[in-house]
Amino acid sequence: MRRLVGLIGSVIVATLVVAQGAVDAQTVPRNRTLIIAQNFDPQSLWPNGTTASTNLNPAAAIVEPLFWIDPRTNKLEPVLAASFTMQSPTAYRVDLRRDVKFSNGEAMNADALVHTLKVFVDAALTPAYTIYSAPFDRVEKVGDFSVVIHTKTPYPAMALVLTQIYVIPPAYWARVGPAQYAQQPIGTGPYRLVEWVKDDRVVMDRNPAYWGAAPRGIERIIWKPVPDDTARAVGLETGEYDVAASLSAGAVPRLQSQRNLQLISVDSYRVFNMILSMLPKHQGPLLDKRVRIAINHAINSEAIVKNLFFGKAQLLQGQLLRKQQLGFDPEIKAYPYDPNRARALLREAGYPNGFDIDFKIPSGRYAQDREVCEAIAGMLAAVGIRAKIVALEGGEFLRQLRTQELGPLSFVGLAPPDDPHFQMSQYRSDWRYTFIQNAQLDALIDAGVKETDVAKRGAIYRQASRLLNAEAPVAPLFLGVDFYGMSSRVKGLLPTGDQRLFLYGVSLE
Amino acid sequence: MLNYLVRRLLVTVPVLLGISFFSFALLYLSGDPTDFLLPVNVPEATREAFRVAQGFDQPLLVQFVNFLGRALTGDFGTSLRFQQSAGSLVWERLGATGELALAAMVFAVVVGIPAGAVAAYRFGGFADRAVRAVSLLGQAIPNFYLGVMAVIVFAVWLRVLPSGGRGTLEQLLLPALTLGFGLVALIARVTRSCMLDALKQDYIRTARAKGLTEGLVVWKHALRNAFIPVLTVIGLQFGLLLNGVFVTEIVFSWPGVGRLAIQSIYSRDFPVVQTIVFLSAVTFVFLNLLVDLLYAVLDPRISYR
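About the cut-offs
Residues numbered from 1 in each chain as written. Chains lettered and ligands numbered in written order. Predicted model: local features only at pLDDT ≥ 70, side-chain atom pairs only at ≥ 80, totals over all residues. Helix = DSSP H or I, 4+ residues; strand = E, 2+ residues; numbered from the N terminus. Rg over C-alpha atoms; globule rule 2.2 N^0.38 Å. Buried ≥ 20, exposed ≤ 12 C-beta atoms within 10 Å, placed from the backbone. Contact = placed C-beta atoms within 7 Å. Expected span 1.5 Å × (residues − 1). Core = buried A, V, L, I, M, F, W, Y, C linked by C-beta atoms within 7 Å. Pairing = 2+ DSSP bridges. Axes fitted to C-alpha atoms, helices over the stretch in contact; angles between N-to-C directions. pLDDT = per-residue confidence, 0-100. Parallel < 35°, antiparallel > 145°, perpendicular 65-115°, else oblique. Left-handed = near helix turned anticlockwise from the far one by under 90°. Nonpolar A, V, L, I, M, F, W, Y, C, P; charged D, E, K, R; others polar.

Focus on the overall build of chain A
For chain A, the helix and strand inventory stands at 16 helices and 18 strands. Against the compact-globule benchmark of 23 Å for 509 residues, chain A has a radius of gyration of 25 Å, which places it among compact chains. Here the C-alpha coordinates of chain A stretch approximately 80 × 75 × 45 Å along the principal axes. Going through the 509 residues of chain A one by one, you find that 48% of them count as buried. Long-range pairs, those at least 24 residues apart, make up 68% of the contacts in chain A between residues at least 6 apart in sequence.

Quick notes on the overall build of chain B
A count of helices and strands for chain B gives 12 helices and zero strands. Walking chain B from its N terminus toward its C terminus, one meets helices and strands in the order α-α-α-α-α-α-α-α-α-α-α-α. Seen through its principal axes, chain B has C-alpha atoms that stretch 85 × 60 × 30 Å. Summarising the internal contacts of chain B: among those between residues at least 6 apart in sequence, 74% fall at separations of at least 24.

Here's the deal with helix α12 (residues 270–298) of chain B
Working note: α-helix, 3.6 residues per turn, so residues spaced by three or four point in the same direction. Between its first and last C-alpha, α12 of chain B extends 41 Å over 29 residues, near the 42 Å set by a 1.5 Å rise per residue. Buried residues of α12 of chain B: F270, P271, V272, V273, Q274, T275, I276, V277, F278 and S280 of chain B, and no others.

Description of the nonpolar core
Within the largest apolar cluster, 198 residues are counted, with the highest numbers of intra-cluster contacts made by V243 and I295 of chain A together with A104 and I187 of chain B. Of all the elements, helix α8 (residues 169–199) of chain B adds the most residues to this core, at 17 residues. Leaving out residues up to four positions away in the same chain, I295 of chain A has contacts with M274, L276, L380, I385 and A475 of chain A. Counting residues in hydrophobic clusters, the runner-up holds 18 residues, among them F76, L80, F82 and L260 of chain B.

Overview of the pairing of strand β7 (residues 146–151) of chain A
Side chains on a regular strand alternate between the two faces of the sheet. All names here are of chain A. Bridge analysis of strand β5 (residues 91–96) against β7 gives five bridges, and the strand direction is antiparallel. Pairing of D95 across the sheet is with S146, part of β7. Note that strand β6 (residues 136–143) and β7 share six bridges and pair antiparallel. Following the sheet pairing, F136 is matched in β7 by T151. Connecting β6 to the antiparallel partner β7 that follows it, the hairpin turn spans two residues.

Thoughts on the sheet that holds β5 of chain A
All names here are of chain A. Across the sheet, which stays open at both edges, the four strands sit in the order β4-β5-β7-β6 with antiparallel pairing between neighbours. Both edges of this open sheet fall to β4 (81–88) and β6, since each of them pairs with a single strand only. Recorded for the sheet is a direction-independent mean angle of 20° between the axes of neighbouring strands.

Digging into the confidence of the model for chain B
Mean pLDDT over chain B: 84, with 97% of residues reaching 70 or higher. Of the two predicted TM-score estimates for the complex, the pTM is 0.83 and the ipTM is 0.75.

A closer look at the packing of helix α5 (residues 86–121) of chain B against helix α6 (residues 126–140) of chain B
The description of two helices packed together rests on the angle between their axes and the distance between the axes. All names here are of chain B. The contact between α5 and α6 brings their axes to 7 Å, and the two run at 135°. Looking at the two axes, α5 sits oblique to α6. For the crossing formed where α5 meets α6, the hand is left-handed. Residue-level inspection shows A115, G116, V118 and A119 of α5 in contact with α6, the latter providing A127, D128, V131 and R132. Here the residues of the contact of α5 with α6 sort into five nonpolar, one polar and two charged.

This is how it looks when you write it as structure tokens:
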């Protein structure tokens, strides 16, 4: 017995020692530290290593891009680039700032950019960015601070691509290689990495030699991975975090009532829609256009947004493009919610008693996906379409999407890069997860990707949207909405629709 | 004793092999890792090249044998998500999980055994009824609910403890109590019933007849003899604590192995999941062995040949 008591005693002592040992010495006062809770720890701090926003957000405070798009104005703003000009539809000149150094002293110049671009187009190193770099042909240094990017075809989305290129220091990169760079990045940004305790915190301190205007009042930023939705909301409420990303809609009413907090809802780039496949391999009632249109009429998106997203999600207007995007057509309207019209169309198509169909849905992949789909199934049942829900776990759902197994009836939320081409090209006949095959649409998609005249390009996408609306291989429903909570001390932080938190113009009071 | 040890160790080999293969196969059947590592719209050629580079194109059995071969030399492969050695990723988090599990266990033992002993000694009285009621609650309330409730009460309403994270003793308190609560209940119940048995034995009557103080009778004679089943429970539950760790670490943002496991499963990060499953299985098997060996230490009547 005595031995046992001794054993327990020593275990207690050991536990206390371990716990105390982990205490971090804090040198920066709390009121000049910005603590941001995201749902995951970054996997890499090299921005071009992955496309996940939880990696890019902390990484971009250290390694900077050529340009960024200010979500307040939706305009392209220079960061490391001073300007960019289209010399010809296949040659794009980038002029860099001349006063910038990496935090290890290396110069940020044309050589650094050429090296960065060489890495950027290497599919083995940056597989996630191949859709951006596919049209790149070669890179030419034309001055100490100027580079021309030559493309194989005209590339109107180049401006967007330039926001995705993060400049890395060539000598340091050569010395440490991609794997270690991702762990210990060096960049030109307003902050430098101090410590990264995996799954616990990423700590970065102000870069004293930063070339630009660093965020005011923020000496240190700590990024905390907090996977539990409730824990992020609670930590924000108790003041442990200053910013909490990706809050669940359930937390909205409670946080809205707190005086020292701000709740921000951001329209996400994620487009939620129904797949109504018209591919011959998906035999069944949906091959009849009248049935697809009937489904459009049967779904009450407004009620879904009102009841499941507190009215904060934006409804789509019968097309996949958002109001802010090039090619949005104000003349296209969503099929109005009209169950009687839906029933009539089904009768016309030869289904007076409706029909049975499998409805493949993601479970736990998107916010409230199951609830949304159950509501939709209920609405379909009201017009006689008995949709049997087949819930798929996130991984299996993605696999079935890529192999077109989700057809004929499913619900997806896709978030392609923010250019109409990336949205539309998902419906090209040869695309892996298209649910339409239409030569006319293909021709429009191919014309749009090469058209450098903005007005003409917009007209092409409007035509494509009208075609998609008439054929109805999809039922556009609503845009995703992301909820962020912030302490009222945080000023100027506006997240983007792809969940990016840029620090330009941010301050802490 | 040595003979016994060798025999027990040999038995663990097929157990570990079975567990490893089962988890490997399950994980692989449930999705393609490239779905999580690459955006959905990368060209199929890039995806295929990536698959070949990572070795996903090889038959399942080949991948499994490769994994095992390397695991034997301590190399568990490279995490697909972190591009870092899976072994070191798990190792970095092992301290946090060990700390939490130990703290929970200490709490459970320090509270559970005396509570059970007192309940047995005051059989039918108020203390007994109170311990039984709390035990029932402890075993009935699931971990995730208890954790969230604890956060709401202590972090949001009372503002006396932080809601999550690791580093200070205050941060350890809530997760350790949450994780340990169910175990307190179990240990208290087992201690109580074993003590009730022990208190009825002849040697207790003898001890009392000898004129020993009541304290000595209860703590030394009764409790020590009641201890063997309790120890079995503690040993086995330590393994099960690792289950609770999965939920508790998520709720309290505790940077441990459980959280890493959940995230790795979601992203089909095979090497990391394999490492964790393998190491958990090893831990479980060896804890059982340790408990069996401890019997001999605690009870001189038990010896192994």
